[in-house]
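# Descriptive analysis of the structure
What follows is each chain in one-letter form.
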Amino acid sequence: MKNISVLGVTGSIGLQTLECIRNQRDELKLIAISANRDHKKLINIIEEFSPKYVSCFDENCYEEIAKYKETTGLKFELFIGQEGNIKICILDEIDIVVTAVVGMIGLVPTVEAIKHKKTIALANKETLVVGGKIIMSLAREVGVKILPVDSEHSAIFQCLMGNNKEEVYKILLTASGGPFRGYSLERLEHVTKEDALKHPNWNMGPKITIDSSTLMNKGLELIEAYWLYGISEENIEIVVHPQSKIHSMVEYVDGSVIAQISSPDMRLPIQFALNYPKRANRIINRINFYDIKELTFEKPDLNTFKCLKLAYEAIKEGGALPCILNGANEACVDLFLKDKITFLQIGNIIERALNKFENKESLQIEELIYIDKKVREYVYRIGG
């Protein structure tokens with residue numbers, strides 16, 4: 001039996017994690033959960049899974065759950081805020097922490113979980129984008145496994161299994177291309193929030209879906225791959241693969257390419273991380289290869305989709321730039337979802353932020369948090 005803690009249990013990845021746990025009740029047990037503000041979903045999860053620990057980031061959510069706890073007489077410990085997120089990551093009985101929250105908020109709880117030697121099922125890509133050097137150094141120091149939950153990074157992880165990392169020539173990171181694949185800059189001037197939220201292949205939350213439409217999602221995954229696998233950005237190639245059947249590939253020095261292929265369903269990488277090093281029985285639909293008419297591959301358009309180009313530049317320069325990139329992007333996506341800025345302004349404002357703030361090396365967590373705060377203030381000031 002593995003005891004699980006889920007940060008961000010009411011989001012897309014969190015809910016799909018629950019499906020995996022539900023499918024393996026004899027092997028996986030939900031011990032602790034956190035959510036932001038959706039108290040109704042949280043109550044349903046509490047009633048089904050009976051976790052011992054619950055944390056609410058939002059104060060109103062906390063008050064609603066406190067009332068529910070008092071009314072029902074249920075016995076669970078209730079926490080609030082970022083301190084609560086940290087508490088449910090460091091509990092003695094927890095084996096695996098699933099970081100399913102979106103954004104910079106996942107960084108500190110992940111660091112604390114690693115310090116307490118918890119296996120990390122990492123769905124929060126921003127953690128490595130902002131603090132990759134710190135996270136990976138700490139994980140190596142204490143001997144903690146970081147198991148990627150992103151479909152692409154889970155694919156790369158699987159393609160590397162049983163092989164010598166020194167023989168890797170290139171990582172081929174696949175991208176669906178999002179809802180605007182093939183669009184020109186002129187056409188992108190007129191796209192709406194509703195257009196951007198219509199992803200052709202994946203069911204994701206709004207922030208990740210918008211990132212996919214700008215290709216920033218792939219930029220963040222590029223930086224994540226840099227830290228997870230110790231591969232230079234020059235040897236990480238983004239390949240647009242609209243069918244989303246091949247989730248990523250690894251090319252070796254002899255020219256052999258190993259690919260991981262499956263239906264586009266996030267439950268597979270989640271299940272793989274929860275059960276590693278074993279594989280559990282199938283939870284997704286099998287692929288019928290006779291039904292696949294074609295598998296196509298394209299170069300990404302870095303001129304039209306500026307965000308991906310900026311991500312390459314940020315990781316090449318290093319230092320504080322990935323933190324600035326991420327903070328500016330999170331603020332821009334929020335502004336776009338609130339109809340405060342246009343689609344193309346997302347990349348333009350991020351570029352302005354990268355040019356405004358000084359780059360620094362050897363940053364600690366507190367410095368990264370400070371830089372992130374200042375970057376967001378700047379973006380909200382010029383975009384709000």
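Along each chain, the written sequence defines residue order, and numbers are assigned to residues from 1. Only residues with pLDDT of at least 70 get local features here, since the model is predicted, and only at 80 or more are side-chain atom pairs given and counted; chain-wide, interface and lining totals rely on the full set of residues. Where side-chain values are given, they derive from all heavy atoms of the structure, hydrogens and water being excluded.

## Regarding the packing of aromatic side chains
Note on ring pairs: Phe, Tyr and Trp rings are taken, using the six-membered ring of Trp, and paired if centres are within 6.5 Å. Classes follow the plane angle, with under 30 degrees stacked, over 60 edge-to-face and the rest tilted. As enumerated under the stated definition, the model contains nine aromatic pairs in all. Look at Tyr53 and Phe79: their rings are 6.4 Å apart centre to centre, the planes differ by 10°, and that puts the pair in the stacked class. Here the residue Tyr53 occupies a position in strand β3 (residues 53–56), and Phe79 occupies one in strand β4 (residues 77–80), the gap between them amounting to 26 residues. Residue classification places Tyr53 among the buried positions, given a relative accessible area of 9%. We call a residue buried when its accessible area falls under 20% of the maximum for its residue type, exposed when it is over 50%, and partly exposed in between, using a 1.4 Å probe and counting protein chains only. The class of Phe79 is buried, set by a relative accessible area of 13%. Here the aromatic rings of Phe357 and Tyr378 are separated by 5.7 Å at their centres, their planes lie at 85°, and the arrangement is edge-to-face. Here Tyr378 lies in helix α16 (residues 365–383) and Phe357 lies in the loop between α15 (343–356) and α16, a separation of 21 residues in the sequence. Clustering of aromatic rings is evident, with ring pairs tying together Phe180, Tyr183, Phe336 and Phe343. Directly above the ring of Phe76 sits Lys69, whose terminal nitrogen or CZ lies 5.4 Å from the centroid. Helix numbers and strand numbers start at the N terminus; a helix is a DSSP run of H or I with at least 4 residues, a strand a run of E with at least 2. By definition here, charges over rings are those cases where NZ of Lys or CZ of Arg is within 6 Å of the ring centre and within 35 degrees of the ring normal.

## A look at the pattern of salt bridges
We define a salt bridge as a contact between a side-chain nitrogen of Lys or Arg and a carboxyl oxygen of Asp or Glu at a distance within 4 Å. Applying the stated criterion across every chain yields a total of 20 salt bridges. Here Lys125 ties to Asp150 by a salt bridge, and the two come within 3.4 Å at their closest N and O atoms. Remark: Asp150 occurs in the loop between β7 (146–148) and α7 (151–160) and Lys125 occurs in helix α6 (residues 125–142); sequence separation between them is 25 residues. Judged by its relative accessible area of 8%, Asp150 falls in the buried class. In this structure, Glu298 and Arg181 form a salt bridge, with 2.6 Å as the shortest nitrogen-oxygen distance. On the criterion of sequence distance, the pair formed by Glu298 in the loop between α12 (267–275) and α13 (306–317) and Arg181 in the loop between β8 (168–175) and α8 (185–188) is long-range, its members being 117 residues apart. Assessed through its relative accessible area of 38%, Arg181 is described here as partly exposed. Beyond isolated ion pairs, a larger network of salt bridges with shared partners links Glu19, Asp265 and Arg267.

## So, the pairing of strand β9 (residues 236–240)
Of all five residues that make up β9, four are buried, and the element is covered over most of its length. The criterion for strand pairing is that DSSP finds at least two bridges linking the strands in question. Relative to β9, β8 is paired through five bridges, and the arrangement is parallel. The residue of β9 that forms the bridge with Ile171 is Ile236.

## Regarding unusual backbone geometry
Residue Tyr276 is joined to Pro277 through a cis peptide bond whose omega torsion reads 10°. Position of Pro277 relative to the elements: it lies in the loop between α12 and α13. Residue Ser50 is not a glycine yet carries a positive backbone phi of 50°. Along the chain, Ser50 falls in the loop between α2 (39–49) and β3.

## Here we look at the sheet that holds β9
If you walk across this open sheet you meet the four strands as β9-β8-β10-β11, and the pairing is mixed. Every interior strand has two partners, whereas the edge strands, β9 and β11 (257–261), have only one. The mean angle between the axes of side-by-side strands here comes to 20°, regardless of whether they run parallel or antiparallel. Pairing geometry for strand β10 (residues 246–252) and β11, over five bridges, is antiparallel. Fitting a line to C-alpha atoms yields each axis, with helices limited to the stretch in contact; the angle taken between N-to-C directions then spans 0 to 180 degrees.

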